[in-house]
Amino acid sequence: MSEKQNNFPPLPKFVRVKPCFYQNFDEEIPVQYRTLVKKIYRLWMLYCITLVVNLVACLAWWIGGGGGVNFGFSVLWLVLFSPCSYVCWFRPVYKAFRADSSFNFMAFFWIFGIQFILTVIQAIGFPGWGACGWIAASFFFNTNVGSAVVMLFPAIMFTLCAILMALTLFQVHKHYRGGGGSLHKAQEEWNSGAWKVAQSSGTQFSSVSGSTLPEYPTVPSYPSNNQWQ
């Protein structure tokens, strides 16, 4: 079986940095979970786009008379949360559905829960946090209406992300409990180290149908008819 080549993130050939992960929904994710995992991936993309919009809005906030610290934090959130959210909560849920891994499900629930709380805070929009939420946008209408209107866009998008994250938590937990997942299984995977080498369903099937099949005895050689005459 040929070794899989990493294909994510897709980078131009002239870039020396190579992709870090292998991602193939059709090949690695079971059919019954494929739609849900793709939705979670699109949610990650939506959150990254929201961070970009938030950066632009924080720039408008700064130009309109707000503090430059918000723009600085918005750059930090974009640079930090875009890759970290992929590695810390999308990859765990991808691997969880790929190999039915209770440990990766638990990792997803903890980290994604923190992400949900953070997104709610960003949607609220406390000044000085680098997030153009509802409070920051509403109060800035008294200072600069044009900038405040721009600041409403990330407020709406953060709110949408928070709602979708709450629905995602509910859907993933429903599949997790319905599939017999538990904290005890996650602890067993941690103790045995199985979470490190979790294979996809296709890989497991290939290994079972290949070298691990039982060897059958050879057909015995019976005497010819002449020996019985």
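Above: the structure in question.
Let us look at the structure shown here. All values derive from a computational prediction rather than experimental measurement.

**Topic: a nonpolar patch on the surface**
On the surface, Phe 141, Val 145, Val 149 and Phe 153 cluster together to form a nonpolar patch covering roughly 350 Å² of accessible area. Examined against the element boundaries, Val 145 turns out to sit in helix H6 (residues 145-178).

**Focus on helix H2 (residues 31-63)**
Relative to the 48 Å expected for 33 residues at 1.5 Å per residue, H2 spans 49 Å between its end C-alpha atoms, a close match to the ideal helical length. Residue Gly 65 follows H2 closely and has a positive phi angle near 120°.

**Considering the nonpolar core**
Residues Phe 90 and Val 172 are the most contacted members of the largest nonpolar core, which totals 33 residues. Counting residues per element, the ones that place at least two in this core are H2, helix H3 (68-99), helix H4 (102-124) and H6. With nine residues, the next largest nonpolar core counts Ala 57, Cys 58, Phe 140 and Met 151 among its residues.

**Section: the packing of H2 against H4**
At a minimum axis distance of 13 Å, the contact between H2 and H4 shows a crossing angle of 35°. Considering only the axes of H2 and H4, their crossing is left-handed. Between H2, through Leu 43, Tyr 47 and Leu 51, and H4, the contact on the second element is made entirely by Phe 112, Gln 115, Leu 118, Thr 119 and Gln 122. For the contact of H2 with H4, the per-class residue count stands at five nonpolar, three polar and no charged.

**Focus: unusual backbone geometry**
With an omega of 0°, the peptide bond running from Phe 8 to Pro 9 counts as cis. Note on placement: Pro 9 falls in the segment before helix H1 (25-28). Although it is not a glycine, Asp 100 adopts a positive phi angle of roughly 55°.

**A word on the pattern of salt bridges**
Tallied over the entire structure, the rule returns five salt bridges. The partner of Lys 4 in a salt bridge is Glu 27, with the nearest N and O atoms 3.2 Å apart. Placement of Lys 4 in the segment before H1 and of Glu 27 in helix H1 is noted, with a sequence separation of 23 residues between them. The salt bridge partner of Arg 34 is Asp 26, with a shortest N-O separation of 3.9 Å.

**Regarding the side chain of Asn 70**
Looking at the secondary structure, you find Asn 70 in helix H3. Exposure remark for Asn 70: the relative accessible area of 4% places this residue in the buried category. Not counting the four nearest positions on each side in its chain, Asn 70 is found in contact with Cys 58, Trp 61, Pro 127, Gly 128, Trp 129 and Gly 130.

**Concerning the environment of Thr 50**
Within the secondary structure, Thr 50 sits in helix H2. Sequence separation of Thr 50 and Phe 158 is 108 residues, and the distance between their C-alpha atoms is 6.7 Å. The residues contacting Thr 50, other than those within four sequence positions of it, are Pro 154, Met 157, Phe 158 and Cys 161.

Calculation criteria
Sequence order as written defines residue numbering, which begins from 1 separately in each chain. For a predicted model such as this one, the threshold for reporting local features is a pLDDT of at least 70, and the threshold for listing and counting side-chain atom pairs is 80 or more; totals across whole chains, interfaces and linings nevertheless cover every residue. Hydrogens are left out, water is left out, and the side-chain values use all remaining heavy atoms of the structure. Here a patch means residues that are over 30% exposed by relative accessible area and free of salt bridges, tied together within 9 Å if like-charged and within 5 Å if nonpolar (Val, Leu, Ile, Met, Phe, Trp, Tyr). Values of accessible area rely on a 1.4 Å probe in the Shrake-Rupley scheme; residue burial ignores everything except the protein chains shown. The working definition used for a salt bridge is a side-chain nitrogen of Lys or Arg within 4 Å of a carboxyl oxygen of Asp or Glu. For the purposes of this entry, the term helix denotes a DSSP run of H or I that reaches at least four residues, the term strand denotes a run of E that reaches at least two, and both are numbered from the N terminus. Multiply 1.5 Å by the residue count of a helix minus one, and that product is the helix's expected span. To qualify as a nonpolar core, a set must consist of buried Ala, Val, Leu, Ile, Met, Phe, Trp, Tyr and Cys residues joined through side-chain atoms within 4.5 Å. The buried label goes to any residue with under 20% of its type's maximum accessible area, the exposed label to any with over 50%, and the partly exposed label to all in between, with areas taken from a 1.4 Å probe on protein chains only. Axis definition: a line fit to C-alpha positions, over the contact stretch in the case of helices; interaxial angles, taken between N-to-C directions, run 0 to 180 degrees. Note: crossing handedness is left-handed where the near helix turns anticlockwise from the far helix by less than a right angle, and right-handed where it turns clockwise. Pairs of residues are marked as contacts when any of their non-hydrogen atoms sit within 4.5 Å. Here the term charged refers only to Asp, Glu, Lys and Arg, the term nonpolar to Ala, Val, Leu, Ile, Met, Phe, Trp, Tyr, Cys and Pro, and the term polar to all other amino acids, Gly among them.

By themselves, these are just geometric observations and shouldn't be taken as functional.
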